[in-house]
Amino acid sequence: MEFADVPAESAPVVMTVRGQYLLEVENWGGPVPIRMIGDRHFLPLMSTERFAAALRDPFPSHAYSTIPHFQFIKDIYNPIRRRLYDDLANYGGMMARPWPSAIEHLIREGSSRHIFDAEAKAFDGSGGKIALDDDAVAESERYRDYFAKGFEGYVVVDGVVFRPIPEPCYQVDVDSGIISAVIPFGLFPNPYNPSEAQLFSSATHFFAADQLDEAKELSRTRGKDRFALELLEMTGCAVDVLDPRALLGHDYAAAGLHRTAREIRQLFTDDAPPAEVAQTVLELNQALEASEDAYNVSPDLERAVRAAVALEDVAPDWYNRRVDVETGRRIAFQLERQDSRPIEFSLRQPKL
């Protein structure tokens, strides 16, 4: 596996992320330097030597968990493990090639981990202990490709492995008022995201790294916890912008709406919708599919969310079984925040 080696001068540190309880800060052992290459942000993980050791030994001893960056070592493997869990959970037979049935049961989530570790190490080495037929070799190649894809875009700077990340920002939870710095992996669902990536809901509002004052104002006026701002000062949770090039001008209000629309879609699609709401549900899904990403949403998305909320009057029994009062309040506030979003349009001078 080869990563591009990027000179430090081509990957300047443009931000630092700090905070007493931020996982990335704990793993790094202090404020995290965020580098930028082109228009992508990068998070440091660990030295190349430690990264290579983690790849060679995916089942380290429990004592290994006391060293810094252990969470990131788990992140290397957990996406692949989840894929295995999903495939094995959906397998209906007694054996899933190339795994014998004994390992199939041991690998399942919630089983005895130390037994699985011992079994897995027994298959280390050239050829392992299983003679693979053509189908099993093809399956192994599929997992190998899946594993390698998880490291696309990784680079090395000054002997440290960096992974590409979304732009760090602030989040405000309007249920609690709590403000925190965050690397918003959860805005971009991906099986290769860290296992501890934070999930967001319609209660979450996002602000750019230079909008801490706006985030505080939202917490002050909408949050339920009157100690939220004091807690922010205690934890020291912040994003420090060192270079204005770090800010890509994302539409964070749109990101909240996009996350909310996805939540509504999940609430609405647990069964076939009745005829009177089916078209609205379809249009919501189409607007989400037409959105480029969480920051570049379809022009139809806000209208589709408003139409979805209006279903409370069209089919109240169906709607109220899915959207409770608190969730409805959060959705309404996400829509309210759209009123202050900047918009662009062009005017053409009329001809006489």
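Procedures and definitions
- Along each chain, residue indices are assigned from 1 in the same order as the chain's sequence is written.
- Whole-chain, interface and lining totals are the exception, using all residues; otherwise, since this is a predicted model, local features are given only for residues with pLDDT of at least 70 and side-chain atom pairs are given and counted only at 80 or more.
- As a rule here, side-chain values cover all heavy atoms of the structure and leave hydrogens and water aside.
- Working definition: helices are DSSP H or I runs of at least four residues, strands are E runs of at least two. Numbering for both runs from the N terminus.
- Exposure classes here rest on a 1.4 Å probe applied to the protein chains alone. A residue is buried below 20% of its type maximum, exposed above 50%, and partly exposed in between.
- The criterion used for residue contact is that any of the two residues' heavy atoms lie within 4.5 Å.
- Residue exposure ignores everything except the shown protein chains as possible cover, and the areas themselves are Shrake-Rupley values with a 1.4 Å probe.
- Here the expected span of a helix is defined as 1.5 Å times the quantity of residues minus one.
- In the analysis that follows, any N or O atom pair within 3.5 Å is treated as a polar contact, provided that within protein one partner can donate a hydrogen and the other can accept it, and provided that, for residues neighboring in sequence, both atoms belong to side chains.
- Here, a salt bridge means any side-chain nitrogen of Lys or Arg that lies within 4 Å of a carboxyl oxygen of Asp or Glu.
- Confidence per residue, as judged by the predictor, is encoded in pLDDT with a range of 0 to 100.
- Between any two strands, at least two bridges found by DSSP are needed for them to pair.
- To get an axis, fit a line to the C-alpha atoms, keeping to the stretch in contact for a helix; angles then go from 0 to 180 degrees between the N-to-C directions.
- Throughout, the term roughly parallel applies to angles under 35 degrees, roughly antiparallel to angles over 145, roughly perpendicular to angles from 65 to 115, and oblique to all others.
- Each helix crossing is assigned a hand: it is left-handed if the near helix lies turned anticlockwise from the far helix by less than a right angle, otherwise right-handed if that turn is clockwise.
- Following the grouping adopted for this structure description, the nonpolar residues are Ala, Val, Leu, Ile, Met, Phe, Trp, Tyr, Cys and Pro, the charged ones are Asp, Glu, Lys and Arg, and the polar ones are all others, Gly among them.

S.K.: Give me the lowdown on the overall build of the chain, citing residues and values where you can.
M.R.: Summing up its helical and strand segments, the chain has 14 helices and 10 strands in all. In the chain, buried positions account for 42% of the 352 residues. Counting only contacts in the chain whose residues sit at least 6 apart along the sequence, the fraction spanning at least 24 positions is 69%. When the accessible surface of the chain is summed, it comes to about 19300 Å², and 52% of that surface belongs to carbon and sulfur atoms.

S.K.: Talk me through unusual backbone geometry; I want residue IDs and the actual numbers.
M.R.: At Asp158, a residue that is not glycine, the phi angle is positive and equals roughly 50°. Position of Asp158 relative to the elements: it lies in the loop between β5 (155-157) and β6 (160-165). For Asp158, a relative accessible area of 58% translates into the label exposed.

S.K.: An account of helix α14 (residues 325-338) is needed here, citing residue identities and associated values.
M.R.: Because an α-helix completes one turn every 3.6 residues, residues spaced three or four positions apart along the sequence face the same direction. End to end, α14 covers 20 Å across 14 residues, agreeing with the expected 20 Å (1.5 Å per residue, within 8%). Of all the positions in α14, only Thr327, Arg330, Ile331, Phe333, Gln334, Leu335, Arg337 and Gln338 are classed as buried. Of the surrounding elements, those touching the buried residues of α14 are β9 (204-207), α7 (212-222), α9 (252-268) and α11 (301-309). Where α14 begins, the side chain of Asp324 points an oxygen toward the backbone nitrogen of Glu326, at a separation of 3.3 Å.

S.K.: Could you give an account of the pattern of salt bridges, with specific residues and numbers?
M.R.: Considering all chains together, one arrives at 10 salt bridges under this definition. Among the ionic pairs, Glu233 bridges to Lys216, the shortest N-O distance being 3.7 Å. Placement of the pair is Glu233 in helix α8 (residues 228-235) and Lys216 in helix α7, with a sequence separation of 17 residues. A salt bridge links Arg220 to Glu217; its shortest N-O distance comes to 2.8 Å.

S.K.: How would you summarise the confidence of the model for the chain if you had to cite specific residues and measurements?
M.R.: With 76% of its residues at a pLDDT of 70 or more, the chain shows a mean pLDDT of 81. Counted against residues more than four places away or in other chains, residues 91-100, with its pLDDT under 50, gives 21 contacts.

S.K.: Help me get a handle on the side chain of Arg322, residues and values and all.
M.R.: Residue placement: Arg322 occurs in the loop between α13 (316-320) and α14. For Arg322, the side chain forms a polar contact with the main-chain oxygen of Trp318, separated by 2.8 Å. If we skip the residues at most four places from it in the chain, Arg322 touches Leu267, Phe268, Asp270 and Asp271.

S.K.: Outline the sheet that holds strand β8 (residues 179-182), supporting the account with residue identities and numerical values.
M.R.: Strand order in the open sheet formed by three strands is β8-β7-β9, with antiparallel pairing between adjacent strands. Lying at the two open borders of the sheet, with one neighbouring strand each, are β8 and β9. Neighbour to neighbour, the strand axes of the sheet diverge by 30° on average, direction disregarded. In this sheet, β9 lies alongside strand β7 (residues 169-173) in antiparallel orientation, the contact comprising four bridges. Residue pairing across strands places Tyr170 opposite Phe207, the latter belonging to β9. Its contacts with the sheet place α9 against β7 and β9, and it is angled at close to 155° to β9.

S.K.: Lay out the sheet that holds strand β10 (residues 238-241) in plain terms, naming residues and giving numbers.
M.R.: Strands sit in the order β1-β5-β6-β4-β3-β2-β10 across an open sheet of seven strands; the sheet is mixed. Only two strands of the sheet have a single neighbouring strand rather than two, namely β1 (4-5) and β10. With four bridges connecting them, strand β2 (residues 13-18) and strand β3 (residues 32-37) associate as antiparallel partners. Bridging from a neighbouring strand, Met15 pairs with Ile34 of β3. Across the face of the sheet, helix α2 (residues 48-56) comes into contact with β4 (40-47), β5 and β6 while running at roughly 75° to β4.

S.K.: Requested: an account of the packing of helix α10 (residues 275-290) against α11, with residues and values cited.
M.R.: Working note: a packed helix pair is described by the angle between its axes plus the distance between those axes. It is the contact of α10 with α11, at a shortest axis distance of 9 Å, that shows an interaxial angle of 150°. Comparing the axis directions of α10 and α11 gives the class roughly antiparallel. In this structure, the crossing between α10 and α11 has a hand that is left-handed. Contact residues: α10 offers Thr280, Glu283, Leu284, Ala287 and Leu288, while α11 offers Leu301, Arg303, Ala304, Val305, Ala307 and Ala308. Looking at the contact of α10 with α11 residue by residue, the classes come out as eight nonpolar, one polar and two charged.

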